[in-house]
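Chain and residue survey
What follows is each chain in one-letter form.
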Amino acid sequence: AQSVTQLGSHVSVSEGALVLLRCNYSSSVPPYLFWYVQYPNQGLQLLLKYTSAATLVKGINGFEAEFKKSETSFHLTKPSAHMSDAAEYFCAVSDLGNAGGTSYGKLTFGQGTILTVHP
Amino acid sequence: NAGVTQTPKFRILKIGQSMTLQCTQDMNHNYMYWYRQDPGMGLKLIYYSVGAGITDKGEVPNGYNVSRSTTEDFPLRLELAAPSQTSVYFCASTATRARGTEAFFGQGTRLTVV
């Protein structure tokens, strides 16, 4: 079974500091990985995704993530935090699906990391 | 473009009551999903649908039912509500069934069972 683990349920940074949110995955096949963000009282929206192309993936709002197979990691970073980045962030992996090879878009999520940004 | 719309946004139920969470999307997506989100647990898949008339169970289906009579709508029904069903419920849709497809989420329904 596929799984993702997010290290740290809460991360706090100062405005302008580096943001690093950690995600490790477990998968028997090359994974398809996602980072979603949830702003307060809103649904989830896609930040970026890895689908076996470039290992460094750039997303919206200045975020990027690097796929490292040797470390089974897909950590999310942003060089300089902004107050508007305060949200909950979820790492997710696409399910393997059935024998036909389709996952029907189903996702397995990590536990989530709440990012707080201090002035 | 509204995307995925969920109603209601908030609801309080008494134990044993039933209700239907509504979900509609205007993107003509065939694939739709219901997740529940519990603190510190991420999101868990309840049910999903691959088209009108076709649904299947996800990871945590017990206590829920779904139907899909149209492409646009995918309601989730709770029968005999229990405190363990207190959660935030998200409906989502995808355009394709491919592993790398982006999911579009509604704003969620916060349900409390007392």
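Up top is the structure these notes are about.
The following refers to the structure shown. Quick caveat: nothing in here was measured; it's all calculated off a predicted structure.

Throughout this description, disulfide means a covalent bond between two cysteine sulfur atoms. Residues and elements named next belong to chain A. Following the criterion strictly, the structure yields two disulfides over all chains and no others. Disulfide partner of C23: C91, at an S-S distance of 2.0 Å. Here the S-S torsion is close to -65°, and the disulfide linking C23 with C91 is therefore left-handed. Placement of the pair is C23 in strand 3 (residues 19-26) and C91 in strand 9 (residues 87-94), with a sequence separation of 68 residues. Taking relative accessible area as the criterion, C23 reaches 0% and is therefore assigned buried.

With that out of the way, let us pick up the pattern of salt bridges. All names here are of chain B. Scanning the entire structure with this criterion turns up five salt bridges over all chains. Notably, a salt bridge pairs E79 with R77, separated by 2.8 Å at the nearest N-O pair. R77 sits in the partly exposed class, given a relative accessible area of 30%.

The next subject is the packing of aromatic side chains. The tally for this structure, following the rule as stated, stands at 13 aromatic pairs over all chains. Relative to Y35(B), the ring of F109(A) lies with its centre 5.5 Å away and its plane at 85°, an arrangement referred to as edge-to-face. Of this pair, F109(A) sits in strand 10 (residues 107-109) while Y35(B) sits in strand 4 (residues 31-38), which puts the two residues in different chains. Both residues of the pair, F109(A) and Y35(B), belong to the buried class. Grouped by ring-pair contacts, the aromatic residues F34(A), Y36(A), F90(A), F109(A), Y33(B), Y35(B) and F105(B) constitute a single cluster. Between R68(B) and the ring centre of F74(B), over which it is positioned, the NZ or CZ distance is 5.9 Å. R99(B) extends its terminal NZ or CZ atom over the ring of Y32(A), reaching a point 4.6 Å from the ring centre.

Residues and elements named next belong to chain A. By the alternation rule, side chains of strand 2 (residues 10-14) split into V11 and V13, which are all buried, and H10, S12 and S14, of which none is buried. Inspection of the sheet shows strand 2 paired to strand 11 (residues 113-118) by five bridges, in the parallel sense. Bridge pairing links H10 to I114 in strand 11.

The next thing to look at is the interface of chain B and chain A. Think of interface size as the accessible area that goes away when the parts come together; that is how it is often given. Contacts between the two partners involve 23 residues from chain B, matched on the other side by 29 residues from chain A. Interface area for chain B against chain A, summed over the two sides, is near 2,100 Å², with a carbon-plus-sulfur share of 55%. One can count seven residue pairs in polar contact (both at pLDDT 80 or more) joining chain B with chain A. When contributions to the side of chain B that touches chain A are tallied by element, the ones reaching two or more residues are strand 4, strand 5 (42-51) and strand 9 (87-94) of chain B. A per-element tally of the side of chain B that touches chain A places strand 5 of chain B first, with five residues.

Here we take up the sheet that holds strand 8 (residues 73-78) of chain A. All names here are of chain A. The sheet built from five strands is open, its strands ordered 1-3-8-7-6 with antiparallel pairing. Two strands close off the open sheet at either side, each with one partner strand: strand 1 (3-7) and strand 6 (56-58). Adjacent strand axes in the sheet meet at a mean angle of 20° when their direction is disregarded. Judged from the four bridges that link them, strand 3 and strand 8 form a sheet pairing that is antiparallel. Bridging across to strand 8, L21 finds its partner in L76.

Thresholds, definitions, all that
Residues numbered from 1 in each chain as written. Chains lettered and ligands numbered in written order. Predicted model: local features only at pLDDT ≥ 70, side-chain atom pairs only at ≥ 80, totals over all residues. Heavy atoms only, no water. Disulfide = S-S within 2.5 Å. Helix = DSSP H or I, 4+ residues; strand = E, 2+ residues; numbered from the N terminus. Buried < 20%, exposed > 50% of the residue type's maximum accessible area, 1.4 Å probe, protein only. Salt bridge = Lys/Arg side-chain N within 4 Å of Asp/Glu carboxyl O. Phe/Tyr/Trp six-rings, centres within 6.5 Å; stacked < 30°, edge-to-face > 60°. Lys NZ or Arg CZ within 6 Å of the ring centre and 35° of its normal. Pairing = 2+ DSSP bridges. Contact = heavy atoms within 4.5 Å. Buried area = accessible area lost by both parts, 1.4 Å probe. Polar contact = N/O pair within 3.5 Å; in protein donor to acceptor, adjacent residues only side chain to side chain. Axes fitted to C-alpha atoms, helices over the stretch in contact; angles between N-to-C directions.

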